[in-house]
Amino acid sequence: MFKINRNNLFIQDLKECTIHIKRTKALKISVYVILIYIVITILSFIIIPFITPIENTIISNDFKIFYQSVQTILANPEELYTLPDYKMPFRYFPLFSLLFLPYTLIPFEVGFIIHTFLLGIFQIASFYLIYVISTKFYNIRYNTKLKKDLLFLVLMAPVQVPMIMMGQISQIFIFLMLIVIFLIENARLKKYSIKGEYLLIGIILGLGISIKPFAILIVPLLAKLFIQRDGKKIKLDHKILFKLLLGLIFSHLINFVYVLVYPNMLREFLEINTTAQISNYPSSSITRIISILFNSFSIEAIIMIILTFISYGFIYVVYLITPYEKINYPLYFGMAFLLVIIIFTDSWFLNFLIWFSIVFPGLFQYEDEINLISSETLKKKLKISNYITYKITYYGIVYFTVGIVIGFTIFPTDPILPFLLIILYFNLLWRLFRNR
């Protein structure tokens, strides 16, 4: 009989995902929808300049900033965060710019088209990872309409349309974070044979931090990998800690070099990530609403830091008191990113795709939990909790435009999503605490 060894098992699981897509009409349609997103973006990029300057639209807006940052860091690194030509603030680490270096070797127009195709590829690749993580590590079976509908949404999420049009990099970031979750879960359950997984966790998370600096909130959530409680004793695994730190440091060597050579870059990086404001675009941040209502823009950074410290503190306390084997890493990662959408001053509805994609592999663990509960009262509470999560998810992925329209026409920021996200935060925090 033919035996599948653990090295081939991952390939088999990817094939299983492909079979699932082929057998599910909605998922096949989703793949075609992503291709339609890409085609529409490219056609818009080609045709719109004949009607109006492309600068008057969102198309290729973010990609242009990334493209300019590469040229800047190579020609005059000290202007990386202060270049006046940027249409929006550049908030990333130096390594991020260098990752875009290949694009500068080809014309801007060709680069954007290639980048658009890559975003579609990363979106589909992330879907495969989500499927593998949820089915193989969390034993999720997509046997209900709710599960199938949300699986469909994670692949074709309409919120990704503006991301693709702007040339964002969130799809790439999502892919990296899912790899980190995959490696963490595999380190715990040893389903696949992977060498150097702790070093890889550090390296890939480090790359993710360069792409989206707020991913630094994930670093403390690695503590359970090298700190274990044995009765009343706490054991520290120095080898795992060393590998994680080595990976993180290695992935940031270029950033360290640039900061050493150009010390002002660190100050400018921190300043632009805490004080730079894009006031003409409706933020999804509760911090921004507080600033508008109480005219507290001058202390917005302080408010943001205080709110982050308190809200992340709640999450981390629950994380620390939860046994290692019970930790739902997608939920904890997702909670960290949820804080960014709620609190970071210039946070957008676009980041909701990051939250949804990251949290998805572990989301249905709470759905399946209901079947294990005997108390009808508790069942009712859990069903209400799940209902709240799913409804807010649908709003953020499908109906996100409502608050944006209000933000552009009536109120100077999104007045709907921030409050929904706060409800989502406390709802999920309760679930994490209950499942500790």
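Computed from a predicted structure; not experimentally measured. (Residues numbered from 1 in each chain as written. Predicted model: local features only at pLDDT ≥ 70, side-chain atom pairs only at ≥ 80, totals over all residues. Heavy atoms only, no water.)

By the secondary structure assignment, methionine 177 is in helix α8 (residues 170-189). The class for methionine 177 is buried, based on a relative accessible area of 0%. Counting along the chain gives 107 residues from methionine 177 to valine 70, while the straight-line C-alpha distance between them is 24 Å. Those residues in contact with methionine 177, other than ones at most four positions away along the chain, are Ile204, Leu205, Gly208, Phe337 and Ile358. (Helix = DSSP H or I, 4+ residues; strand = E, 2+ residues; numbered from the N terminus. Buried < 20%, exposed > 50% of the residue type's maximum accessible area, 1.4 Å probe, protein only. Contact = heavy atoms within 4.5 Å.)

What follows concerns the packing of helix α2 (residues 25-47) against helix α6 (residues 145-156). Two numbers describe how α2 lies on α6: the axes approach to 9 Å, and their chain directions differ by 20°. Considered as vectors, α2 and α6 are oriented roughly parallel to each other. Here α2 and α6 pass one another in a crossing that is right-handed. Contacts between α2 and α6 involve Ala26, Leu27, Ser30, Val31, Val33, Ile34 and Tyr37 from the first element and Leu151, Phe152, Leu155 and Met156 from the second. (Axes fitted to C-alpha atoms, helices over the stretch in contact; angles between N-to-C directions. Parallel < 35°, antiparallel > 145°, perpendicular 65-115°, else oblique. Left-handed = near helix turned anticlockwise from the far one by under 90°.)

Moving on, we come to the packing of α2 against helix α5 (residues 108-137). Direction vectors running N to C along α2 and α5 enclose 165°, while the axes themselves pass 10 Å from each other. Judged by the inter-axis angle, α2 sits roughly antiparallel to α5. Once α2 is placed against α5, the crossing between them reads as right-handed. On α5, the residues that touch Leu27, Val31, Ile34, Ile38, Thr41, Ile42 and Phe45 of α2 are Phe108, Glu109, Phe112, Ile113, Thr116, Phe117, Gly120, Gln123, Ile124 and Phe127.

Let us look at unusual backbone geometry. Its identity as a non-glycine residue notwithstanding, serine 60 has a phi of 65°, on the positive side. Its location among the elements puts serine 60 in the loop between α2 and α3 (61-75). A relative accessible area of 4% means that serine 60 is categorised as buried. Of note, the phi angle at lysine 190 is positive, near 55°, even though the residue is not glycine. For lysine 190, the location among the structural elements is in the loop between α8 and α9 (197-211). Overall, the relative accessible area of 44% leaves lysine 190 in the partly exposed class.

A few words on a nonpolar patch on the surface. Together, Val39, Leu43, Ile46, Ile47, Phe50 and Ile51 make up a nonpolar patch on the protein surface, roughly 660 Å² of accessible area in all. Residue placement: isoleucine 47 occurs in helix α2. Since its relative accessible area comes to 45%, isoleucine 47 is described here as partly exposed. (Patch = residues over 30% accessible without salt bridge, like charges linked within 9 Å, V, L, I, M, F, W, Y side chains within 5 Å. Areas by Shrake-Rupley, 256 points an atom, 1.4 Å probe, with all protein chains shown as cover. Salt bridge = Lys/Arg side-chain N within 4 Å of Asp/Glu carboxyl O.)

Okay, the environment of isoleucine 342 next. Summarising the element assignment, isoleucine 342 is placed in helix α16 (residues 329-343). In this structure, the C-alpha to C-alpha distance between isoleucine 342 and tyrosine 425, residues 83 residues apart in sequence, is 9.0 Å.

Note on placement: asparagine 328 falls in the loop between α15 (300-321) and α16. A polar contact is formed between the side chain of asparagine 328 and the backbone oxygen of glycine 362, at a distance of 3.0 Å. Among residues more than four places away in sequence, those in contact with asparagine 328 are Tyr138, Gly362 and Gln365. (Polar contact = N/O pair within 3.5 Å; in protein donor to acceptor, adjacent residues only side chain to side chain.)

Further remarks concern the confidence of the model for the protein chain. With 97% of its residues at a pLDDT of 70 or more, the protein chain shows a mean pLDDT of 89. Across the protein chain, α9 holds the top mean pLDDT of 96, while strand β1 (residues 227-230) sits lowest at 78. Within the model, the stretch residues 1-5 combines pLDDT values under 50 with two contacts to residues more than four positions away or in other chains. (pLDDT = per-residue confidence, 0-100.)

Going through the model one piece at a time under the given rule, you end up with 14 salt bridges. As a salt-bridge pair, aspartate 368 and lysine 147 come within 2.7 Å of each other at their nearest N and O atoms. With aspartate 368 in helix α17 (residues 351-369) and lysine 147 in helix α6, this residue pair connects regions lying 221 residues apart in the sequence. Given the relative accessible area of 23%, aspartate 368 is considered partly exposed. A relative accessible area of 4% means that lysine 147 is categorised as buried. The partner of arginine 431 in a salt bridge is glutamate 369, with the nearest N and O atoms 2.9 Å apart. With a gap of 62 residues between them, arginine 431 in helix α20 (residues 417-434) and glutamate 369 in helix α17 connect regions that are remote in the sequence.

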